[in-house]
Amino acid sequence: VVELSASAATVIRCLGAPAAIEAPHAPAPGIPCRVAPDELLVLAPPDAGERVLAGLVDDLAGLDPSGIALDQTDGFSLWTLAGEHAGEAFARLSATPLPALRPGAVQGLVGRVPAKTLVLPGELHILVASTVGHYVRERILEVCADLGVDETAPQEFRGAGVVV
Amino acid sequence: MSGSAPEESSLSESLNFEGRALSLEPGDTVASALFRAGVRTFSRSFKYHRRRGLYCLTGDCPNCLVTVDGEPGVRACLTPARAGQSVRREVGWPSAERDLLAIADRLHWLLPVGFYYKTLVRPRWLWPRVERIVRASVGLGEAPRATPRVERPASHLHPDVLVVGAGAAGLSAALTAAGAGQSVVVCDEGVPGDLLAPGASRARVETLAAQARAHPRVTLLERAPAIGIYEGPLVPVNAPALLYLVHPGRVVVATGAVQRHGVFPGSDLPGVWLSRGAARLAGAYGVTPGTCALVVGADVEAPGHAETLRVAGADVRAVEHGTVIRAEGRTGIRRALVAAAGAEEEIRCDALVLAFGRVPRAGLLRQGAGLPVVGAGDVVDPGCRLEAAEESGRRAGLNEAAAPGEPSLPVACADGIVCLCEDVSAKDLRDAWTEGFRSVELLKRYTTATMGPCQGALCHEHLRAFVGERLGGDAPAAGAATARPPARGITLEDVASGLGSVVEARTALYARHVEQGAVMEPAGAWRRPERFGDLLDEYWAVRRHVGVSDVGTLGKYLVAGRGALEFLERLYPCYVHDLPEGRLRYTLLLGDHGYVVDDGLVCRLADDRFYLTFTSGGGDQAEAHMRDWADAWGLEVHLVNRTAELGAINIAGPGARALLERLSADSFAGDRFPYLHHREVVVAGVPCRALRLGFVGELSWELHHGSSRSVELWDALLEAGGNLGIQPHGLETLRLLRLEKGHPVVGQDTDFDSTPAKLRMDWAVKLDKPAFVGKAALVRMSSIRLERQLVALRFTGETPAEGTPLWADGRQVGHLTSSRYSPVLEYPVGLGFVTRVAGSFPPAVTAGEVGRLGAAAGTVVSRAFYDPEGNRVRG
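The text that follows walks through the structure, step by step, so that each part is easy to find. If you're wondering where the values come from, they're calculated on a predicted model, not measured in any experiment. (Residues numbered from 1 in each chain as written. Chains lettered and ligands numbered in written order. Predicted model: local features only at pLDDT ≥ 70, side-chain atom pairs only at ≥ 80, totals over all residues. Heavy atoms only, no water.)

**Focus on the overall build of chain A**
Right, so step 1: A count of helices and strands for chain A gives 4 helices and 11 strands.
Right, so step 2: For chain A, the C-alpha atoms occupy an extent of roughly 50 × 30 × 25 Å along the three principal directions.
Right, so step 3: Buried residues in chain A amount to 52% of all 164 residues.
Right, so step 4: Sequence-distant contacts, at least 24 apart, represent 65% of the contacts inside chain A between residues at least 6 apart.
Right, so step 5: Surface accessibility of chain A: about 6,400 Å² in total, with carbon and sulfur atoms responsible for 57%.
Right, so step 6: In chain A, 10 positive and 20 negative side-chain charges are present, and the distance between their average locations comes to 5 Å. (Helix = DSSP H or I, 4+ residues; strand = E, 2+ residues; numbered from the N terminus. Buried < 20%, exposed > 50% of the residue type's maximum accessible area, 1.4 Å probe, protein only. Contact = heavy atoms within 4.5 Å. Areas by Shrake-Rupley, 256 points an atom, 1.4 Å probe, with all protein chains shown as cover. Lys, Arg positive; Asp, Glu negative; His and termini not counted. Charge placed at Lys NZ, Arg CZ, Asp CG, Glu CD.)

**Re the pattern of salt bridges**
Residue and element names in this part refer to chain B.
Right, so step 1: Overall, the coordinates contain 66 salt bridges over all chains when judged by the stated rule.
Right, so step 2: The partner of glutamate 441 in a salt bridge is arginine 445, with the nearest N and O atoms 3.1 Å apart. Pair noted here: glutamate 441 and arginine 445 are both in helix H11 (residues 440-447), with a separation of 4 residues, about one helical turn.
Right, so step 3: Given the relative accessible area of 17%, glutamate 441 is considered buried.
Right, so step 4: Between arginine 512 and aspartate 715 there is a salt bridge, with its nearest N and O atoms 2.6 Å apart. One end of the pair, arginine 512, is in helix H15 (residues 510-515); the other, aspartate 715, is in helix H20 (residues 710-720), and 203 residues separate them in sequence.
Right, so step 5: For aspartate 715, a relative accessible area of 26% translates into the label partly exposed.
Right, so step 6: Several salt bridges converge on common partners, so that one network encompasses Arg50, Arg52, Asp105, Asp268 and Asp423. (Salt bridge = Lys/Arg side-chain N within 4 Å of Asp/Glu carboxyl O.)

**Describing the interface of chain B and chain A**
Right, so step 1: Contact residues are listed per partner, giving 36 residues for chain B and 35 residues for chain A.
Right, so step 2: Approximately 2,600 Å² of surface area, both sides summed, lies buried where chain B meets chain A, with 53% of it carried by carbon and sulfur atoms.
Right, so step 3: Across the chain B-chain A interface, the total number found is 0 salt bridges.
Right, so step 4: On the surface where chain B and chain A come into contact, there are 11 residue pairs in polar contact (both at pLDDT 80 or more).
Right, so step 5: Listing elements by their share of the side of chain B that touches chain A, those giving two or more residues are strand S8 (154-157), strand S30 (555-560) and strand S34 (638-641) of chain B.
Right, so step 6: Here the element with the most residues in the side of chain B that touches chain A is S34 of chain B; it accounts for 4 residues. (Buried area = accessible area lost by both parts, 1.4 Å probe. Polar contact = N/O pair within 3.5 Å; in protein donor to acceptor, adjacent residues only side chain to side chain.)

**Points about empty space enclosed by the protein**
Rolled over the atoms, a probe as big as a water molecule pinpoints where empty space is left.
Residues and elements named next belong to chain B.
Right, so step 1: Under the criterion given, the structure shown has 4 cavities of 30 Å³ or more.
Right, so step 2: Taken as a whole, the largest cavity spans an internal volume of roughly 60 Å³.
Right, so step 3: In terms of lining residues, the largest cavity is bounded by Arg528, Pro529, Ser549, Asp550, Val551, His729, Gly730, Leu731 and Leu734.
Right, so step 4: Of the residues assigned to the lining of the largest cavity, the class counts are 4 nonpolar, 3 polar and 2 charged.
Right, so step 5: As a volume, the second largest cavity reaches approximately 40 Å³.
Right, so step 6: Taken together, Arg506, Thr507, Tyr510, His513, Met520, Arg527, Arg528, Pro529, Asp550 and Thr553 make up the full set of residues lining the second largest cavity.
Right, so step 7: Taken together, the elements giving at least two residues each to the lining of the second largest cavity come down to H15 and strand S28 (526-531).
Right, so step 8: Of the residues that constitute the lining of the second largest cavity, the class distribution is 3 nonpolar, 3 polar and 4 charged. (1 Å grid on protein atoms, 1.4 Å probe; cavity = no way out; pocket = protein on both sides within 12 Å on 5 of 7 lines; lining within 4 Å. Points joined across faces, edges and corners; volume = space filled by probe spheres on them. Nonpolar A, V, L, I, M, F, W, Y, C, P; charged D, E, K, R; others polar.)

**Topic: the sheet that holds strand S21 (residues 343-348) of chain B**
Residues and elements named next belong to chain B.
Right, so step 1: Sheet architecture is open: 3 strands sit in the order S19-S20-S21, paired in antiparallel fashion. Looking at the sheet topology across the chains shown, the edges are occupied by strand S19 (322-328) and S21. The average undirected angle you get between the axes of adjacent strands in this sheet is 25°. (Pairing = 2+ DSSP bridges. Axes fitted to C-alpha atoms, helices over the stretch in contact; angles between N-to-C directions.)

**Digging into the packing of aromatic side chains**
Within a pair of aromatic rings, the relevant descriptors are the distance that separates the centres and the angle that separates the planes.
All names here are of chain B.
Right, so step 1: All chains considered together, the criterion is met by 12 aromatic pairs over all chains.
Right, so step 2: Between tyrosine 557 and phenylalanine 614, the ring centres sit 5.7 Å apart and the planes meet at 70°, which makes this aromatic pair edge-to-face. Remark: phenylalanine 614 occurs in strand S33 (residues 609-614) and tyrosine 557 occurs in strand S30; sequence separation between them is 57 residues. For the pair formed by tyrosine 557 and phenylalanine 614, the shared burial category is buried.
Right, so step 3: Here the guanidinium or amino end of arginine 506 rests over the ring plane of tyrosine 510, the centre of that ring lying 4.0 Å away.
Right, so step 4: The lysine or arginine in question, arginine 543, covers the ring of tyrosine 866, its NZ or CZ lying 3.9 Å from the ring centre. (Phe/Tyr/Trp six-rings, centres within 6.5 Å; stacked < 30°, edge-to-face > 60°. Lys NZ or Arg CZ within 6 Å of the ring centre and 35° of its normal.)

**As for the pairing of strand S7 (residues 104-110) of chain A**
Right, so step 1: Direction of pairing for S7 of chain A relative to strand S8 (residues 113-120) of chain A: antiparallel, over a ladder of 7 bridges. Bridge pairing in S8 of chain A places glycine 108 of chain A opposite alanine 115 of chain A.

**Some remarks on a positive patch on the surface**
All names here are of chain B.
Right, so step 1: Positive charge collects at one region of the surface, where Arg98, Arg330, Arg334 and Arg348 lie side by side.
Right, so step 2: Along the chain, arginine 98 falls in the loop between strand S7 (86-88) and helix H2 (115-118).
Right, so step 3: Relative accessible area serves as the criterion here: at 64%, arginine 98 is assigned to the exposed category. (Patch = residues over 30% accessible without salt bridge, like charges linked within 9 Å, V, L, I, M, F, W, Y side chains within 5 Å.)

**Points about the side chain of arginine 543 of chain B**
All names here are of chain B.
Right, so step 1: Tracing the backbone shows arginine 543 in helix H16 (residues 535-544).
Right, so step 2: Judged by relative accessible area, which is 4%, arginine 543 ranks as buried.
Right, so step 3: In this structure the side chain of arginine 543 is engaged in a polar contact, spanning 3.0 Å, whose partner is the side chain of glutamate 698.
Right, so step 4: Side chain to side chain, arginine 543 and glutamate 740 meet in a polar contact 2.7 Å long.
Right, so step 5: With residues up to four places along the chain from it excluded, the contact list for arginine 543 reads Pro654, Val696, Gly697, Glu698, Leu737, Glu740, Val824, Tyr866 and Arg872.

**Observations regarding the sheet that holds strand S31 (residues 584-590) of chain B**
All names here are of chain B.
Right, so step 1: Strand order in this open sheet of 5 strands is S31-S32-S33-S30-S34, and the pairing throughout is antiparallel. Every other strand in the sheet has two partners, leaving S31 and S34 as the edge strands with one partner each. Ignoring which end each strand starts from, the neighbouring axes of this sheet average 30° apart.
Right, so step 2: Two elements, strand S32 (residues 596-606) and S33, share 6 bridges in a ladder whose sense is antiparallel. Within S33, the residue paired with valine 602 across the bridge is leucine 612.
Right, so step 3: Contacting S30, S31, S32, S33 and S34, helix H18 (residues 619-633) runs over the sheet at an angle of about 20° to S30.

**Side note on the side chain of aspartate 188 of chain B**
All names here are of chain B.
Right, so step 1: Tracing the backbone through its elements, the reader meets aspartate 188 in the loop between strand S10 (184-187) and helix H5 (200-214).
Right, so step 2: Despite its burial, aspartate 188 pairs with no opposite charge; the closest candidate is arginine 361, at 7.8 Å N-O.
Right, so step 3: Once residues within four sequence positions are removed from consideration, aspartate 188 is found in contact with Gly165, Ala166, Gly167, Leu221, Glu222, Arg223, Ala224 and Pro225.

**With respect to the pairing of S10 of chain B**
Residue and element names in this part refer to chain B.
Right, so step 1: Every second residue of S10 is oriented toward a common face, with Val184 and Val186 on one face and Val185 and Cys187 on the other, all of them buried.
Right, so step 2: With helix H4 (residues 168-179) bridging strand S9 (residues 161-164) and the parallel S10, this β-α-β connection has right-handed handedness.
Right, so step 3: Remark: the S10/H5/strand S11 (residues 218-221) crossover connection has right-handed handedness. (Right-handed = clockwise from strand over helix to strand, strands pointing away.)

**Looking at the state of the cysteines**
Two cysteines form a disulfide when their sulfur atoms are joined by a covalent bond.
Residue and element names in this part refer to chain B.
Right, so step 1: The full count for this structure, using the stated rule, is 0 disulfides over all chains.
Right, so step 2: Among the cysteines around cysteine 187, which has no disulfide bond, cysteine 77 carries the closest sulfur, lying 18 Å off.
Right, so step 3: Here cysteine 292 is not disulfide-linked; the sulfur of cysteine 349 is the nearest cysteine sulfur, at 6.3 Å. (Disulfide = S-S within 2.5 Å.)

From the geometry alone we can't say anything about function, so treat these as descriptive.
See below:
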């Protein structure tokens, strides 16, 4: 069985000089993912979003005054896969191999849509543009129907840690 | 059982074969069930309609291709029989059994090799008619019609090792690699051991398969043929339920060997068998291929196969070191002329069983050249014994590549059918050689030998032998035909696995639009409202009152950083440095070839911070373009895509200001918020960046806001504008409104080489800037006379359709890119490309298809049809 749910998370994009991005304070709770040499994406629980954003803005101001930390939550949909066949469900949607270590993150097409996937113990979080979030959900339901997809109520993202 | 009458049976235990119910035994394939029921002619050959019967039973020949449950080209020998299945043969008129089209076998002179290149060329009108006849008569199945759409899923696997072929070598490789800690996927087109006749080899393979199934690091995919090996390596594996796209670290090809195909007159008669096939039929399904079997050849397996036939009840005679000169019979073999020990003997038989040795089934191995692909077992050492195959597999499992052996080629054929799939005879090869096609690859392309369903499994080495003999009898000198996917036949449905849907982007207002009755249409990757109701109502609402539209699809970007100004100054053909905070400017985006890539706005937010917009379909391309240049220039600049994050609603019309002031404490007065300015405002409680512009030719603002609040803002605008005559409008109204202003749309009114001059938009380019992307090309082109230009056209008469050719002085001078009837102007308007006529651009054209010239007369006018002074947008 695959458990599918929409997850609410604050998504903060942080751009700055590589050295500034290298050493941001570890937002807690939340998970920072380095997605480019000058770009950090931070997923944080919704109720901690403002605090995490403020912390990043402060940190960045000291390290790279022209850097940007921006709340882009509206720009993303986050889908969470859990259950025994979550990995199989992901493999039906993406050619991207999942990282072996947890927490891990990968970038690549999921259901032919650009995505960033966060791999936590027991669950996968697929982050895609909000304009195609409905499409990714439909693809998961269609392509993984034989695996038994159980669509559960929306949940709040509670991940924390540093991507290995 | 051979030759027994077809058995009738109850439907629950039978399959339907051309209207007859044939009984099934446990474990039957379609082929064994049909043969047991007395079917001997399984197909007719591709070109000459020669009878074809079971031959290899390993999926390597085309003889048993039938239509099963409407699906053509199914290999009866590999397909499990099921109760209720519908099976029919694929060709023959009126039937495969009595095929009048077999007359073609006596008309070889009319159908010489390469006849399709030589004949049916003139008269040209005849070819389409003949093509239909040829298509109807060739030995191919009929594509299913009205087949329901089936979406097959695809799944990706990432093992350390993929083993193709679950024989002794393949399974040994898999178990060895797994024992060394690697993850392994093994795929086989059948069930391990299933294609082998009962005996020690089959028992050993079944034991290894059981070990593989039990191993935690081995995944065994059965009835899952590998389709090909691509760069990566990537190996699609076609399993029953889904297509696996396997991305292994390395590949072990253990596809075994196929028995050597015999080529002599009559070698394709029903009743001529490869010995593995005959033994399998007898041993695995209890059906003897004939009562009187003649086994010819010295293959190591031949004695065992002869014994299997004998045990099954056949009267067997073996000629170990002999060759077959010819086989004879009408509907099946009746006698064979065999040469052995210097003498020829005619022997009566109803099964001629060939055991001439083995050749590697190496198509996949050849496809994998240059990739981390190694072979194991028969595919590199054809004819090797079981122990050697296992040892070869173990070495391959440890990634020790075995150098493929070069098996000796057969004696070049003198007569007979070489390629069973394409009906290519030895004479065809000789004729082609005489015509100058003197290599394996050229012969392949000219005769189509090796290009049929078996992909050369049987005929490739005969082709090589033919060439080798003429080049000195040397196998390497003969070369090999290029192997390409698919190695096994696949359906279009398989090819489309995992691709069954189109990515469709939606704005945050999508659901609200649908609720409001919008007719949605695809627009690039987006699904957008084409209209909400009556188009004229929507149109007049904008021109007379106020209209709102969803423009959240626009590309939206933030550019920031110490190098942001320098970056944009180099990127855009307009000046950016003189743009003060709070101002915005229309700009083109050019490629380094000087052609228009996209257009949009640049808004200055701060010294080092800018907000950019691009067209709805052009954002991704513009972003890639910007990132390329940002990397190339090495400037300190950050680029943030905000397209999905921000919604945008356009409010346009004389009532736009009044509407916004009802919902906002901010001022939208002309002197406080002038044209081409932007600022942060709060509308209906929603924080927005308002951009004042005039794409549709009326007083208008775009409200860019967090997309999670789009619905709230949209609803508030419609509610507040109720007594202002507000209407939502879709793309169709937008297209008309902008056309009346003469604004070209990138992609619709531009083509791949549209320079600003060609679009009559030189005003948007500042050639006195030190540098910008495309400047060098524009400077070069400025010295070349412009031969083609986008012009605005006012028509009389009917409104010509977009794409209609434009004519002047009796010749076509261009085409219309946009056209609509303008309600406010009361005449049709359009944009179109025209070329010079007698040195100058024509002042007037007619628009019409060939033969309907003069349907609409057009006059070239200034670009803006509506409010050319721009008073309304600046109001």
